[in-house]
Structure formats: C-alpha cells, structure tokens
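Spelled out from the first residue to the last, the chains are:
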Amino acid sequence: MEKPSTARIALKWGIISAIMIIIYTVALYITGYFKTPSLSWIPFILLLIGIVMSLREFKLMNNNFLGFSEGLGLGTLTSAVCGLAASIFNYIYITFIDTTIIQQMREMQIEQLEQQGLSSEQIDQAMEIASRFATPGLTFLFSIIGYILFGFVFSLIVSAIIKNSKPEMEF
C-alpha cells in the first residue's frame, strides 16, 4: 500500500482551518469584537482542530500508523498552509477592505495605557514604538510566524498522543 501524501492532506486541512479562521475573523471585525482580548485565542483552537484532523486522516489512510516525526511534520505543514492563507486574507482585509482596523486597535491600546495610569508622554512613546510594528506587512509576517510556532507546539503534543509507529521487523 502506498503512503498517503502529506502535502495533499496538509493543504486540505490547512485550507479548511484557514477558512474557519477567516469566517471567525470577519465576524469579529464586523461586530467590533476583535477588540476583546479573550476572543483572540479561538483561531488557535481552530488551528488545533485542523492539525488533529490532518493527523487523523493520515493515520487512517496509512493502516492506522503514524510516526511521531510524520505527525510533527504534517501538523507543522498544515499550520504553515493555514497561517499563510489566513495571513494573506487578513493582509488584504486590513489593507483594502477595512483600512480603519489598525487605527481602531491603536485607539484601544491608548485606552488601555490610559487605564494603567501612564502619562501622555509615556503613551506617546509607547504608541510610537508600537506603530513601527503595526503595519500590514509586519502584521502579515508576525501572523505567519505565530501560526507556524503554535502549530509546531500543537503538533508536538498531538503527535505524541496519537502516534502509532509501525512495529520493527522481527527476524
């Protein structure tokens, strides 16, 4: 029996995960709930689901065998595909569709700094530093890196849990 294609499975589940994340993100942007920090972890749960599903599919197609390294590679590749697709969409959204998102985030940060009791000089300094990193391009880059790093960690954990290596040949 031929080994299943990790690239095909990673592409499939990476795109499915990205679509779920994009739908969720658009809902947050439209409703204004993107400013709620407690909702920002849900895309990572959706990524985790995509990783679990990709490893499960590979294992089922491979006679119920999945090595740890196969799972780690497949999960990381799935998260890279998901991160790339979701980041491209987010870049397009904040650059062309709703250009006010970054400004809204900036205003939210200013409010948070004011609530912490910082002076206007300190707030101006903090916002000057933050504005260097709050460009659509850097947001795109950091987003991809974040998805890959979280996906790698998730893949380590999930692979360790569901691995089932082929038995060594006995003579």
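Residues numbered from 1 in each chain as written. Predicted model: local features only at pLDDT ≥ 70, side-chain atom pairs only at ≥ 80, totals over all residues. Heavy atoms only, no water.

A few points about the packing of helix α2 (residues 42–61) against helix α3 (residues 68–97)
Which entries qualify depends on this criterion: Only C-alpha atoms enter the line fits that serve as axes; for helices the fit covers just the stretch in contact. Angles between N-to-C directions range over 0 to 180 degrees. Secondary structure elements follow DSSP: runs of H or I no shorter than four residues count as helices, runs of E no shorter than two count as strands, and numbering proceeds from the N terminus. Orientation labels follow simple angle bins: below 35 degrees gives roughly parallel, above 145 gives roughly antiparallel, 65 to 115 gives roughly perpendicular, and whatever is left gives oblique. It is the rotation of the near helix from the far one that decides the hand of a crossing: anticlockwise by less than a right angle makes it left-handed, clockwise makes it right-handed. Two residues form a contact once any of their heavy atoms are found within 4.5 Å. Note that Gly is not counted as nonpolar here; it falls among the polar residues with everything else outside the nonpolar set of Ala, Val, Leu, Ile, Met, Phe, Trp, Tyr, Cys and Pro and the charged set of Asp, Glu, Lys and Arg.
Taken N-terminus to C-terminus, the directions of α2 and α3 make an angle of 135°; their axes are 9 Å apart at the nearest point. Classified by the angle their axes make, α2 and α3 are oblique. Considering only the axes of α2 and α3, their crossing is right-handed. Across from Leu47, Gly50, Ile51, Ser54, Leu55 and Phe58 in α2, the residues of α3 making contact are Glu70, Gly71, Leu74, Gly75, Thr78, Ser79 and Cys82. Grouping the amino acids of the contact of α2 with α3 by side-chain chemistry returns 6 nonpolar, 6 polar and 1 charged.

Overview of the environment of Lys12
To be explicit about the condition: Only protein chains enter the calculation, and the probe is 1.4 Å; a residue is then buried if its accessible area is under 20% of its type maximum, exposed if over 50%, and partly exposed in between. Two N or O atoms form a polar contact when they lie within 3.5 Å of each other; inside protein one atom must be a possible hydrogen donor and the other a possible acceptor, and for residues adjacent in sequence the pair counts only when both atoms belong to side chains.
Inspection of the secondary structure puts Lys12 in helix α1 (residues 6–31). On the basis of relative accessibility, which here comes to 35%, the residue Lys12 falls in the partly exposed class. Sequence spacing of Lys12 and Gly50 is 38 residues, and the spatial spacing of their C-alpha atoms is 9.3 Å. Reaching out from Lys12, the side chain makes a polar contact with the side chain of Glu57 at a distance of 2.9 Å.

Some details on the packing of aromatic side chains
In plain terms, the rule: Note on ring pairs: Phe, Tyr and Trp rings are taken, using the six-membered ring of Trp, and paired if centres are within 6.5 Å. Classes follow the plane angle, with under 30 degrees stacked, over 60 edge-to-face and the rest tilted.
Tallying each qualifying case throughout the model produces 8 aromatic pairs. For the ring pair Tyr29 and Phe34, a centre distance of 5.5 Å and an interplane angle of 75° mean the geometry is edge-to-face. Both residues of the pair, Tyr29 and Phe34, belong to the buried class. With a centroid separation of 4.3 Å and an interplanar angle of 35°, the aromatic rings of Phe44 and Phe150 are classed as tilted. Within this pair, whereas Phe44 is found in helix α2, its partner Phe150 is found in helix α6 (residues 136–162), the two being separated by 106 residues in sequence. Looking at Phe150, the relative accessible area reads 40%, which means it is partly exposed. Joined through ring pairs, the aromatic side chains of Tyr29, Phe34, Phe89 and Tyr93 make up one cluster.

Quick notes on a nonpolar patch on the surface
To keep it simple, the criterion reads: Patch definition: residues above 30% relative accessible area lacking any salt bridge, with like charges linked at up to 9 Å and the nonpolar side chains Val, Leu, Ile, Met, Phe, Trp and Tyr linked at up to 5 Å. Each accessible area value is a Shrake-Rupley result obtained with a 1.4 Å probe; residue values ignore everything except the protein chains displayed when judging cover. We define a salt bridge as a side-chain nitrogen of Lys or Arg found within 4 Å of a carboxyl oxygen belonging to Asp or Glu.
A surface patch of nonpolar side chains, amounting to about 520 Å² of accessible area, comprises Phe68, Phe152, Val153, Leu156, Ile157 and Ile161. The greatest single-element share of the nonpolar patch, amounting to 5 residues, is contributed by α6. One can find Val153 in helix α6. By relative accessible area, which is 43% here, Val153 ends up partly exposed.

Some details on α2
Using the following cut-off: By this rule, a helix spans an expected 1.5 Å times one less than how many residues it contains.
For α2, which comprises 20 residues, the first-to-last C-alpha distance of 29 Å matches the rise-based estimate of 28 Å (1.5 Å per residue) to within 8%. Turning to α2, its buried residues are Pro43, Leu46, Leu47, Gly50, Ile51, Ser54, Leu55, Glu57, Phe58 and Lys59. Residues of α2 that are buried in the fold lie against α1, α3 and α6.

As for the layout of surface pockets
Threshold: The pocket and cavity definitions rest on a 1 Å grid over protein atoms only: a 1.4 Å probe that fits but cannot leave marks a cavity, an open set with protein on both sides within 12 Å along at least five of seven lines marks a pocket, and residues lining either have an atom within 4 Å of a point. Grid points are joined across faces, edges and corners, and a volume is the space filled by probe spheres set on the points.
Put simply, the largest pocket is a space of about 980 Å³. What lines the largest pocket is a set of 35 residues, among which Tyr29, Ser40, Asn90, Met105 and Thr139 lie closest to the centre. Counting residues per element, the ones that place at least two in the lining of the largest pocket are α1, α2, α3, α4 (101–115), α5 (120–133) and α6. Across the lining of the largest pocket, the residue classes tally to 24 nonpolar, 10 polar and 1 charged.

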